[in-house]
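Structural features, examined
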Amino acid sequence: MGQSELNHKVALITGANKGLGLEMSRQLGQHGIKILIAGRNLEAAQTAADKLQNQGIDAEALALDVGDSNQIQSVVQKIDEQFGKLDVLINNAGVFLDGDWLTSNASSVSLDTIRQTFNTNFFALVELTQALLPLILKSPNGRIVNMSSIEGSLTLHADSNSPIYDSKPFAYNASKAAVNSFTVHLAHELRNTPVKVNSAHPGWVKTELGGEGAMMDIAEGAKTGVQLALLEDDGLSGGFFHLGQPVPW
């Protein structure tokens, strides 16, 4: 590994072959950061990487099903051998399996749906982060961004005047609340290191998950994750943010 590779910032973004993940990759890449496009389907990830390369962005495709422990270990080994560190991890991969935002509820959602949702949105996120943390700690200013959702806010769900009060898909919401808890705990553990850990609410974005009725375009939705990935050394850690503003826990 050459000195230029050691000095070059490297970011891994999961679920990066489309939607928010791809747009965050594009925006981060415009800052001269090497982007590792991680996707379950290597061909789709390569297509995304090619698209970014055509825009002058240094992008590389990786096959990574975040629920596959063997693939996680392979990715960790590859990053270690190729770069020796990881500067940015954006945990973007996620699923929504509840069926409907307004009619799904806690009394009828199946345990299988809850387990599958947590497996991807929470357990895989924790496993990947733990596996990559030794490499992130080798960065002079490591950043971990957990893509959460306002739907994970217990404060807003308990407030009858909040905009999400009637949106109660339990499996998804609970998984994002768990992600927020992981953010707080990991940030506290790493408080005496340069690493900063934050949760991001991208907004209601026109993606496969958000639907065409969403209020924000993908470029705008990507901004929060990118801002947290580029935090200055005096930036906050252990927070939950949307476009620079705190979101209630």
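Focus: the sheet that holds strand S7 (residues 240-242)
Taken in spatial order, the eight strands make up an open sheet running S3-S2-S1-S4-S5-S6-S7-S8, and their pairing is mixed. A strand with exactly one partner marks an edge of an open sheet, and here the two such strands are strand S3 (59-63) and strand S8 (245-246). Across the sheet, helix H3 (residues 42-53) is in contact with strand S2 (34-39) and S3; its angle to S3 comes to roughly 175°. Across the sheet, helix H5 (residues 111-136) touches strand S1 (10-14), strand S4 (88-91) and strand S5 (143-147), and the angle it forms with S4 is around 175°.

Observations concerning the confidence of the model for the chain
Detailed conclusions should not be drawn from predicted coordinates in areas where pLDDT is low. In the predicted model, the chain carries a mean pLDDT of 92, and the fraction of residues at 70 or more is 92%. Scored below 50 in pLDDT, residues 1-6 makes nine contacts in the model with residues more than four places away or belonging to other chains.

Structural notes on the nonpolar core
Counting residues in each nonpolar core, the largest one holds 38 residues, and the members touching the most others are Leu12, Ile79, Leu86, Leu132 and Ile136. For this core, the element with the highest residue contribution is H5, accounting for twelve residues. Excluding its chain neighbours within four sequence positions, the residues that come into contact with Leu132 are Leu12, Val76, Ile79, Leu86 and Leu89. By size, the runner-up hydrophobic cluster in this structure holds 27 residues, among which are Ile33, Val145, Ala229 and Phe241.

A few points about the environment of Leu42
Position of Leu42 among the secondary structure elements: in helix H3. The class of Leu42 is partly exposed, set by a relative accessible area of 44%. Considered as a pair, Leu42 and Gln30 are twelve residues apart in the sequence and their alpha carbons are 23 Å apart. Look past the residues within four positions of Leu42 in its chain and what remains in contact with it is Ala61, Leu62 and Ala63.

As for helix H2 (residues 19-29)
Side chains of residues three or four places apart in an α-helix project in the same direction, reflecting 3.6 residues per turn. In terms of burial, H2 is a largely internal element, nine of the eleven residues being buried. Every buried residue of H2 is accounted for by Leu20, Gly21, Leu22, Glu23, Met24, Ser25, Gln27, Leu28 and Gly29.

Comments concerning the packing of helix H4 (residues 69-82) against H5
Angle between the axes and distance between the axes are the two parameters that describe a pair of packed helices. Viewed as axis vectors pointing N to C, H4 and H5 meet at an angle of 20°, and their least axial separation amounts to 10 Å. Regarding the angle of H4 to H5, the classification is roughly parallel. Both H4 and H5 take part in a crossing whose hand is right-handed. The residues of H5 that touch H4, namely those facing Ser69, Ile72, Gln73, Val76, Ile79 and Asp80, are Glu127, Leu128, Ala131, Leu132 and Leu135. For the contact of H4 with H5, the class distribution of residues is seven nonpolar, two polar and two charged.

A short note on the packing of H5 against helix H7 (residues 170-189)
Contact geometry for H5 and H7: axes closest at 8 Å, N-to-C directions at 20°. Put simply, H5 runs roughly parallel to H7. The element H5 and its partner H7 pack so that their crossing is right-handed. Together, Thr113, Ile114, Thr117, Phe118, Asn121, Phe122, Leu125, Val126, Thr129 and Leu133 of H5 and Phe170, Ala171, Tyr172, Ala174, Ser175, Lys176, Ala178, Val179, Phe182 and Leu186 of H7 make up the contact between the two elements. Among the residues making up the contact of H5 with H7, the classes are represented as 14 nonpolar, five polar and one charged.

Each value, and the rule that gives it
- Residues numbered from 1 in each chain as written.
- Predicted model: local features only at pLDDT ≥ 70, side-chain atom pairs only at ≥ 80, totals over all residues.
- Heavy atoms only, no water.
- Pairing = 2+ DSSP bridges.
- Helix = DSSP H or I, 4+ residues; strand = E, 2+ residues; numbered from the N terminus.
- Contact = heavy atoms within 4.5 Å.
- Axes fitted to C-alpha atoms, helices over the stretch in contact; angles between N-to-C directions.
- pLDDT = per-residue confidence, 0-100.
- Core = buried A, V, L, I, M, F, W, Y, C linked by side-chain atoms within 4.5 Å.
- Buried < 20%, exposed > 50% of the residue type's maximum accessible area, 1.4 Å probe, protein only.
- Parallel < 35°, antiparallel > 145°, perpendicular 65-115°, else oblique.
- Left-handed = near helix turned anticlockwise from the far one by under 90°.
- Nonpolar A, V, L, I, M, F, W, Y, C, P; charged D, E, K, R; others polar.

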